[in-house]
Number of protein chains: 4
Amino acid sequence: MPNKQEVQATVKNEELIRIRREQMIKGAVSLFKEKGFHRATTREIAHASGFSIGTLYEYIRKKEDILYLVCDQIYDEVQWRLRGRLQYRRVTAETLKKGIAAYFKIMDEMQDEVLVMYQEAKSLSKEALPHVLNKELEMVEIFVDMIRAFVRSEGLDVPETAVRLAAHNIVVQGQMWAFRRWALRKQYTLEEYTELQTRFLLNALCPDPPKKG
Amino acid sequence: MPNKQEVQATVKNEELIRIRREQMIKGAVSLFKEKGFHRATTREIAHASGFSIGTLYEYIRKKEDILYLVCDQIYDEVQWRLRGRLQYRRVTAETLKKGIAAYFKIMDEMQDEVLVMYQEAKSLSKEALPHVLNKELEMVEIFVDMIRAFVRSEGLDVPETAVRLAAHNIVVQGQMWAFRRWALRKQYTLEEYTELQTRFLLNALCPDPPKKG
Amino acid sequence: MPNKQEVQATVKNEELIRIRREQMIKGAVSLFKEKGFHRATTREIAHASGFSIGTLYEYIRKKEDILYLVCDQIYDEVQWRLRGRLQYRRVTAETLKKGIAAYFKIMDEMQDEVLVMYQEAKSLSKEALPHVLNKELEMVEIFVDMIRAFVRSEGLDVPETAVRLAAHNIVVQGQMWAFRRWALRKQYTLEEYTELQTRFLLNALCPDPPKKG
Amino acid sequence: MPNKQEVQATVKNEELIRIRREQMIKGAVSLFKEKGFHRATTREIAHASGFSIGTLYEYIRKKEDILYLVCDQIYDEVQWRLRGRLQYRRVTAETLKKGIAAYFKIMDEMQDEVLVMYQEAKSLSKEALPHVLNKELEMVEIFVDMIRAFVRSEGLDVPETAVRLAAHNIVVQGQMWAFRRWALRKQYTLEEYTELQTRFLLNALCPDPPKKG
DNA sequence: AATGAATGAGGATTCATTCAT
DNA sequence: CATGAATGAATCCTCATTCAT
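Quantities reported herein were computed from a predicted structural model and do not represent experimental measurements.

What counts and how
- Residues numbered from 1 in each chain as written.
- Chains lettered and ligands numbered in written order.
- Predicted model: local features only at pLDDT ≥ 70, side-chain atom pairs only at ≥ 80, totals over all residues.
- Heavy atoms only, no water.
- Helix = DSSP H or I, 4+ residues; strand = E, 2+ residues; numbered from the N terminus.
- Areas by Shrake-Rupley, 256 points an atom, 1.4 Å probe, with all protein chains shown as cover.
- Lys, Arg positive; Asp, Glu negative; His and termini not counted.
- Charge placed at Lys NZ, Arg CZ, Asp CG, Glu CD.
- Domains from an automatic or database assignment.
- Buried area = accessible area lost by both parts, 1.4 Å probe.
- Salt bridge = Lys/Arg side-chain N within 4 Å of Asp/Glu carboxyl O.
- Nonpolar A, V, L, I, M, F, W, Y, C, P; charged D, E, K, R; others polar.
- Near = heavy atom within 4 Å.
- Polar contact = N/O pair within 3.5 Å; in protein donor to acceptor, adjacent residues only side chain to side chain.
- Contact = heavy atoms within 4.5 Å.
- UniProt positions renumbered as here; feature names shortened; annotations may be inferred.
- Least-squares fit on C-alpha atoms with pLDDT ≥ 70 in both.
- Expected span 1.5 Å × (residues − 1).
- Phe/Tyr/Trp six-rings, centres within 6.5 Å; stacked < 30°, edge-to-face > 60°.
- Buried < 20%, exposed > 50% of the residue type's maximum accessible area, 1.4 Å probe, protein only.
- Lys NZ or Arg CZ within 6 Å of the ring centre and 35° of its normal.
- Arc of directions from axis to C-beta.
- Axes fitted to C-alpha atoms, helices over the stretch in contact; angles between N-to-C directions.
- Parallel < 35°, antiparallel > 145°, perpendicular 65-115°, else oblique.

Colleague: With reference to specific residues and values, describe the overall build of chain A.
Modeller: Each helix and strand in chain A was counted, giving 10 helices and 0 strands. Reading chain A from its N terminus to its C terminus gives the helix and strand order α-α-α-α-α-α-α-α-α-α. Projected onto the principal axes, the alpha-carbon positions of chain A cover approximately 65 × 40 × 25 Å. Only carbon and sulfur atoms are counted for the fraction: they give 51% of the accessible area of chain A, which is about 10300 Å². Counting 34 positive and 30 negative side-chain charges, chain A places the averaged centre of each group 2 Å from the other.

Colleague: With reference to specific residues and values, describe the domain arrangement of chain A.
Modeller: All names here are of chain A. Considered domain by domain, chain A is made up of domain 1 (8-61) and domain 2 (67-205). Here domain 1 and domain 2 share an interface that buries about 910 Å² over both sides, 81% of which is from carbon and sulfur atoms. The interface formed by domain 1 and domain 2 contains 1 salt bridge. Between Asp 112 and Lys 33 there is a salt bridge; the shortest N-O distance is 3.5 Å. Across the side of domain 1 that touches domain 2, the residue classes tally to 7 nonpolar, 2 polar and 2 charged.

Colleague: Any chance you could break down the protein's contact with DNA strand E for me, citing the residues and the numbers?
Modeller: Residues in contact with DNA strand E amount to 40 residues; listed here are only the nearest, Arg 20 and Tyr 59 of chain A, Tyr 57 of chain C together with Val 11 and Tyr 59 of chain D. Atoms of DNA strand E within 4 Å of the protein: sugar and phosphate make up 67%, bases the balance. Here Ser 52 of chain A contributes a side-chain N or O atom positioned 3.4 Å from a phosphate oxygen of DNA strand E. Ranked by the residues each element gives to the surface near DNA strand E, the list is headed by helix H3 (residues 53-59) of chain A, at 5 residues.

Colleague: Describe the interface of chain C and chain D, naming the residues involved and giving the relevant values.
Modeller: Across the boundary between the two partners, chain C contributes 39 residues, which contact 39 residues of chain D. Here chain C meets chain D over a buried area of about 3600 Å², counting both sides, of which 63% is carbon and sulfur. Inspection of the chain C/chain D interface yields 4 salt bridges. As a salt-bridge pair, Arg 180 of chain C and Glu 136 of chain D come within 2.7 Å of each other at their nearest N and O atoms.

Colleague: Which residues make up the UniProt feature "domain: HTH tetR-type" (unreviewed entry) in chain A, and what are the values?
Modeller: The UniProt record annotates "domain: HTH tetR-type" (unreviewed entry) at residues 18-78 of chain A. Across residues 18-78 of chain A one finds 87% helix and 0% strand; the C-alpha atoms that close the span lie 19 Å apart.

Colleague: I'd like a rundown of the interface of chain B and chain A, residues and numbers included.
Modeller: The partner chain A presents 38 residues to the 39 residues of chain B that form the contact. Taking both partners together, chain B and chain A bury about 3600 Å²; carbon and sulfur atoms supply 63% of that area. Summed over the shared surface of chain B and chain A, the number is 4 salt bridges. In this structure, Lys 122 of chain A engages Glu 120 of chain B in a salt bridge whose closest nitrogen and oxygen atoms are separated by 4.0 Å. Summed over the shared surface of chain B and chain A, the number is 17 residue pairs in polar contact (both at pLDDT 80 or more). Elements represented by at least two residues in the side of chain B that touches chain A include exactly helix H1 (14-39), helix H6 (111-120), helix H7 (128-154), helix H8 (160-179), helix H9 (181-187) and helix H10 (190-205) of chain B. The element best represented in the side of chain B that touches chain A is H8 of chain B, accounting for 13 residues. Class assignment of the residues belonging to the side of chain B that touches chain A gives a composition of 21 nonpolar, 11 polar and 7 charged.

Colleague: Tell me what's going on with the environment of Thr 42 of chain D, and back it up with residues and numbers.
Modeller: Residues and elements named next belong to chain D. Inspection of the secondary structure puts Thr 42 in helix H2 (residues 42-49). Put simply, Thr 42 and Ala 121 are 79 residues apart on the chain and 18 Å apart in space, counted from C-alpha to C-alpha. Not counting residues up to four positions away in its chain, the partners in contact with Thr 42 are Ile 53, Leu 56, Tyr 57 and Lys 63.

Colleague: Let's hear about the protein's contact with DNA strand F: which residues, and what values?
Modeller: Among the 41 residues in the neighbourhood of DNA strand F, the closest are listed as Tyr 57 of chain A, Asn 13 of chain B, Arg 20 and Tyr 59 of chain C together with Thr 42 of chain D. The contact in question runs from a phosphate oxygen of DNA strand F to an N or O atom on the backbone of Asn 13 of chain B, over 2.8 Å. Counting only elements with at least two residues in the surface near DNA strand F, the list comes to helix H2 (42-49) and H3 of chain A, H1 and helix H3 (53-59) of chain B, helix H1 (14-39) and helix H3 (53-59) of chain C together with H2 and helix H3 (53-59) of chain D. By residue number, the principal contributor to the surface near DNA strand F is H3 of chain C, which donates 5 residues. Class assignment for the residues of the surface near DNA strand F results in 16 nonpolar, 12 polar and 13 charged.

Colleague: Could you give an account of the relation of the copies chain B and chain A, with specific residues and numbers?
Modeller: For these two chains of identical sequence, chain B goes onto chain A by a turn of 179° and a shift of 0.1 Å along the axis, with RMSD 0.1 Å. Accordingly, the operation relating the two chain copies is best matched by a two-fold axis. Comparing contact sets, 97% of the residues at the interface of chain B also lie at the interface in chain A, consistent with an isologous, same-surface contact.

Colleague: Describe helix H7 (residues 128-154) of chain D, listing the residues and the values that go with them.
Modeller: Its 27 residues give H7 of chain D an end-to-end C-alpha distance of 40 Å, which sits within 8% of 39 Å, the value for a rise of 1.5 Å per residue. Positive backbone phi, at 65°, marks Gly 155 of chain D, one or two positions downstream of H7 of chain D.

Colleague: Break down the arrangement of the chains for me, citing the residues and quoting the values.
Modeller: Spatially, chain A is disjoint from chain C: no contact exists, and the shortest C-alpha separation is 21 Å. No interface is formed between chain B and chain D, the nearest pair of C-alpha atoms being 30 Å apart.

Colleague: Now, about the packing of aromatic side chains: what can you tell me, with residues and values included?
Modeller: Counted according to the given criterion, the structure contains 26 aromatic pairs over all chains. Aromatic pair Tyr 103 of chain A and Phe 104 of chain A: ring centres 5.9 Å apart, planes at 50°, arrangement tilted. Taking relative accessible area as the criterion, Phe 104 of chain A reaches 1% and is therefore assigned buried. Among the aromatic residues, ring-to-ring pairing joins Tyr 103, Phe 104, Phe 143, Trp 177 and Tyr 193 of chain A into one connected group. Stacked on the ring of Phe 37 of chain D, the Lys or Arg Lys 63 of chain D has its end atom at 4.6 Å from the ring centre.

Colleague: Account for the relation of the copies chain C and chain D, with residues named and values stated.
Modeller: Overlaying chain C with chain D gives an RMSD of 0.1 Å, the required rotation being 180° about an axis along which the chain moves by 0.0 Å. Mapped onto chain D, 100% of the interface residues of chain C again fall at the interface, so both copies present the same surface.

Colleague: Residues and numbers for the UniProt feature "DNA-binding region" (unreviewed entry) in chain A, please.
Modeller: As annotated in UniProt, the feature "DNA-binding region" (unreviewed entry) corresponds to residues 41-60 of chain A in the numbering used here. The span residues 41-60 of chain A carries 75% helix and 0% strand; its end-to-end C-alpha distance comes to 14 Å.

Colleague: Go over helix H2 (residues 42-49) of chain C with me, naming the residues and quoting the values.
Modeller: All names here are of chain C. Of all the residues in H2, the buried ones are Thr 42, Ile 45, Ala 46 and Ser 49. The arc that holds the buried residues of H2, viewed along the axis, is 100°, so those residues lie on one side. Residues Arg 43 and His 47 are exposed on H2 and point more than 90 degrees away from its buried face. On its buried face, H2 is in contact with H1, H3 and helix H4 (63-85). Gly 50 sits one or two residues past H2 and shows a positive phi near 90°.

Colleague: Lay out the environment of Glu 141 of chain A in plain terms, naming residues and giving numbers.
Modeller: Residue and element names in this part refer to chain A. Counting through the fold element by element, Glu 141 comes out in helix H7 (residues 128-154). Residue Glu 141 is classed as partly exposed on the basis of its relative accessible area of 28%. Counting along the chain gives 79 residues from Glu 141 to Lys 62, while the straight-line C-alpha distance between them is 32 Å.

Colleague: Can you explain the packing of helix H1 (residues 14-39) of chain D against helix H4 (residues 63-85) of chain D? Please cite residues and give values.
Modeller: Residue and element names in this part refer to chain D. Put simply, H1 and H4 touch, their axes get as near as 9 Å, and they point 100° apart. In this view, H1 runs roughly perpendicular relative to H4, as classed from their interaxial angle. For the pair H1 and H4, contact is made by Arg 21, Met 24, Ile 25, Ala 28, Val 29, Phe 32, Phe 37 and His 38 and by Lys 63, Glu 64, Ile 66, Leu 67, Leu 69, Val 70 and Gln 73, respectively.

Here is the structure:
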């Protein structure tokens, strides 16, 4: 995973870097949740991470590096969890349902992190942003693959563009569960939300619902 | 419009307040687009608005007030434009299509503003946020009404929860066109995007596509 | 005097800039004397200048600007004083003596400032240094002119290179009175120092001392 | 050489101290040349010296100790080289010429070091400065001795004060070749410079040039 | 003896806000 | 009403120094 190497550390011990950054990301996320990236001071971040400001700067170069590490880590975490729950051979409607449910579940579990990322990503530098956007695309690709497999195995006639857009929709709807919780939570449980969105998707893909058989 | 009164001004002349705030919002939006709320200084905002920092503070109390005025104004603008293009009696699939297209078009036209709002709204104060979220709900309600009318007039059997979620989806998909333009623009024109999303929605609402008649 | 414009100020009022910078230079010089440029903090400089740190930064961009202003000002002051005391038509040995004496006197009066400049000039930026070195050359040129006039009027045979070096020597000997005071003061009064150095110079220029007549 | 003992080391092994400090001085000088004492960090100095920051502090107590060691060493080096090239019994004009030439040559060879010392000596502590100034006086004394011997052997009538000042002048003119190289190098080679300054000196000392005899 | 991770005081700079003119 | 100079708290970041390994 070479991407994290891009953030320069003064400390040499690689293992220590891993440990400290883990602490840092944890501390930072909890702070960012509370007050956002800009309002969280580096001192606060250091403190929340369990070490001094001096030590913080042994593991990063600029405050912004922390944001990058946080975003990067959240994506990795989401993908790691998702791939762990996404074991399939053939993709049926059931598989798709389970996939979406798994993803939404993760978004629900990581609500705060997701929120942080969506609100703060814009503060990333011109160099860091593409890396993060790329990870977002990887997420989309996971669902593109699934839907494509589904479409094929069901013998549906869905153009590639529709497949991709459907994948984008799924990804966004997962995030939406996090960033619109103020509205959605009042009306839906996660299960209801998942159920409805999945049905919408399946209807959209196969307007004549595949008769079993 | 009592909500804008909540931002206190030192100046008394109401008309002048209107004028200056208009200038201010214009200047602020263009700055926020470029560097975000936090990185834009009050001096810069005053300058971009065409007056001095002293004058700026005659019309607001705190920097955050500007953000509130900006967000508020963007929502008003979106709604105003949308309602202007949304004249309907009965709601057919065609009406719905046109409504969605109109909304997406507005999101496309106001891309920068929408982006600003989505990225900066979290910086609003605890007092201001509800106002803005309420405006967001008003947007949802517009589509709830439309979809409900459509469902009724088509005699479809769609539960209220599904109607509301569909409305949320539309609203989010409009915003998505703005905040995911980095990915979507590469693959879709606004027309293609609108066409696909609309088809998805209609399929979702009436899996047995309404036989003409 | 366009050179001071090179240091950007936020404040617009030119007259105010003049006044504040004068205060600033005064405060800075007295601090620099005491602890040198690097050890003087911007806060201390602001305080010594009679205003707040915020105000200080309304009149400069970086700490280094202060050093530039200080050096620039010292040279101007030295030259201004020197030219004021250097009114001559023909240049005789007497004129030269008086010129040197005047210059050494100024160096004596401005000992602290001269010391500051000599010790801190190296901290000037790559852009500022040439300006300051140029002023140093102007000083040399003053004595080049004088010596050249003297040599001519005495009908001496001194090559240009010797003239220039003699001028450099005078300039350096003046500074030397400031930066070697720890050693020289113990043995010479300013008058003795001036007398000796002048005699050295005149002997050097006209080894056969001009017979009266 | 008891003076170096004044800088305390944690390490006991005297030979090791010698070796490490030699490395240190070498590394430090090259760094100081480049960025000056204040801008060179202890980490950089350690690195340039070929060991770790921890090790650096085994051989000194404070950063400033390094500066003292450097200055001290430069003076020792200069004196050592100079005395090595200064073997004389009787002092004739020729001897003096050669002595000055040797000294200027050394100043030329050690330009960077000389510069470093002149610009940074002021950062020495109150305790260290006198030691260094004393070494400077030793340099002066070398030339005082020479000139005195010359004056005597030539039967000249030059008062002691003039002798001392002439010695100061020589020392400063050597340094001047280093710290004014930006101006002098454009006009003189070292040989020309030496030739001119020597002639000035001799003329100054014996206005009636000693008729050979 | 050597190392390098940890520390935190300290320093430069910014910027929201005020207020006299 | 408009202006813009003044303010100083707040913030990012550096770096000399220490000390456990």
